[in-house]
Amino acid sequence: MYIVFFGAPGVGKGTQAQLVASRNTIGHLSTGDEFRRNIREGTGLGKQVQNIVESGALVPDELTTAIVRDALAQEKFANGCIFDGFPRTIQQAKDLDAILAESGSAITCIVNIEVPESEIVSRLLLRGRADDNEEVIRKRLAVYHDETAPVIDYYYATSKVVTVNGNSTMEEVYDSVMAALGLNVA
Ligand code: AMP
């Protein structure tokens, strides 16, 4: 099972991706978490991407796709993966299709979480992550509109998109996600 959690920054896709992964024993891969871990540990990759991540811009596709390709080789993703914050460009979406096709797999479902924009900025400010100041939030939302939002149109062509209203409590959104995935609520 390969599930993509899609949505603007602040819609709660990370929270829901983690919940669905942990309660249903599916591997969870957040490219943002991978970049932050590399920055924290001071790896070569971390040094390469630190300024980009802190500015709210996107890390180049080749670097991002390489991280995903390497990660998917791990045992914990043998039965599938929940992608959180990836793909964020049409090129990444095409790369993911190609990576999965190499092992005869394909994306099962894209969970598109929607929250009104007015709600998003206040949620992000509350979260208080290092890249959650107002200027960087604005940049991340602009990048989302320009580069990431078109990805959902790419996926609509596959008829695998389910849209969930994210403007609700964590458990209510979780139930909606599970229903949309056709899974029993765990
Ligand atoms: P996130 O934790 O998903 O909000 O990601 C935090 C930051 O990591 C983003 O603002 C980007 O700078 C970078 N990042 C995460 N995922 C990707 C991706 N798929 N493509 C490019 N950059 C990414």
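Everything numeric in this text was worked out from a predicted model, so none of it was measured.

**Describing helix 4 (residues 61-72)**
- Under the 1.5 Å per step criterion, the end-to-end length of helix 4 is 16 Å for 12 residues, consistent within 8% with the ideal 16 Å.
- Inspection of helix 4 places Asp61, Thr64, Thr65, Ile67, Val68, Ala71 and Leu72 among the buried residues, and these make up the whole buried set. Relative to the axis of helix 4, the buried residues are bounded by an arc of 150° and lie together on one face. Away from its buried face, by an angle of more than 90 degrees, helix 4 presents the exposed residues Glu62 and Asp70.
- Looking at the buried residues of helix 4, the elements they touch are strand 2 (27-30), helix 2 (31-41), helix 3 (44-55), strand 3 (81-84) and helix 5 (90-102).

**Remarks on the site of the ligand**
- Thr31, Arg36, Ala57, Gly85 and Gln92 are the nearest of the 16 residues found near the ligand.
- At 2.9 Å from an oxygen atom of the ligand is found a side-chain nitrogen or oxygen belonging to Arg36.
- Relative to its unbound accessible surface of 480 Å², the ligand loses 96% to contact with the protein.
- A total of 4 residues in the shell around the ligand trace back to one element, the largest contributor, which is helix 2.
- In terms of residue class, the shell around the ligand is made up of 6 nonpolar, 5 polar and 5 charged.

**Thoughts on the packing of helix 2 against helix 4**
- Following both chains from N to C, one finds helix 2 and helix 4 inclined at 100°, their axes separated by 11 Å at the closest point. With respect to helix 4, the axis of helix 2 lies roughly perpendicular. Across the interface between the two elements, Thr31, Glu34 and Phe35 of helix 2 pack against Thr64, Ile67 and Val68 of helix 4.
- Of the residues assigned to the contact of helix 2 with helix 4, the class counts are 3 nonpolar, 2 polar and 1 charged.

**Details of the pattern of salt bridges**
- Throughout the structure, instances matching the rule amount to 11 salt bridges.
- A salt bridge links Glu34 to Arg37; its shortest N-O distance comes to 2.6 Å. Here Glu34 pairs with Arg37, and both are found in helix 2, just 3 residues apart, close to one helical turn.
- Assessed through its relative accessible area of 30%, Arg37 is described here as partly exposed.
- The residue Arg140 makes a salt bridge to Asp131 at a minimum N-O spacing of 3.4 Å.
- On the basis of relative accessible area, Arg140 is assigned to the buried category, the value being 9%.
- Residue Asp131 is classed as buried on the basis of its relative accessible area of 8%.
- Several salt bridges converge on common partners, so that one network encompasses Arg127, Arg129, Asp131, Asp132 and Arg140.

The rules we used
Residues numbered from 1 in each chain as written. Predicted model: local features only at pLDDT ≥ 70, side-chain atom pairs only at ≥ 80, totals over all residues. Heavy atoms only, no water. Helix = DSSP H or I, 4+ residues; strand = E, 2+ residues; numbered from the N terminus. Expected span 1.5 Å × (residues − 1). Buried < 20%, exposed > 50% of the residue type's maximum accessible area, 1.4 Å probe, protein only. Arc of directions from axis to C-beta. Contact = heavy atoms within 4.5 Å. Near = heavy atom within 4 Å. Polar contact = N/O pair within 3.5 Å; in protein donor to acceptor, adjacent residues only side chain to side chain. Areas by Shrake-Rupley, 256 points an atom, 1.4 Å probe, with all protein chains shown as cover. Nonpolar A, V, L, I, M, F, W, Y, C, P; charged D, E, K, R; others polar. Axes fitted to C-alpha atoms, helices over the stretch in contact; angles between N-to-C directions. Parallel < 35°, antiparallel > 145°, perpendicular 65-115°, else oblique. Salt bridge = Lys/Arg side-chain N within 4 Å of Asp/Glu carboxyl O.

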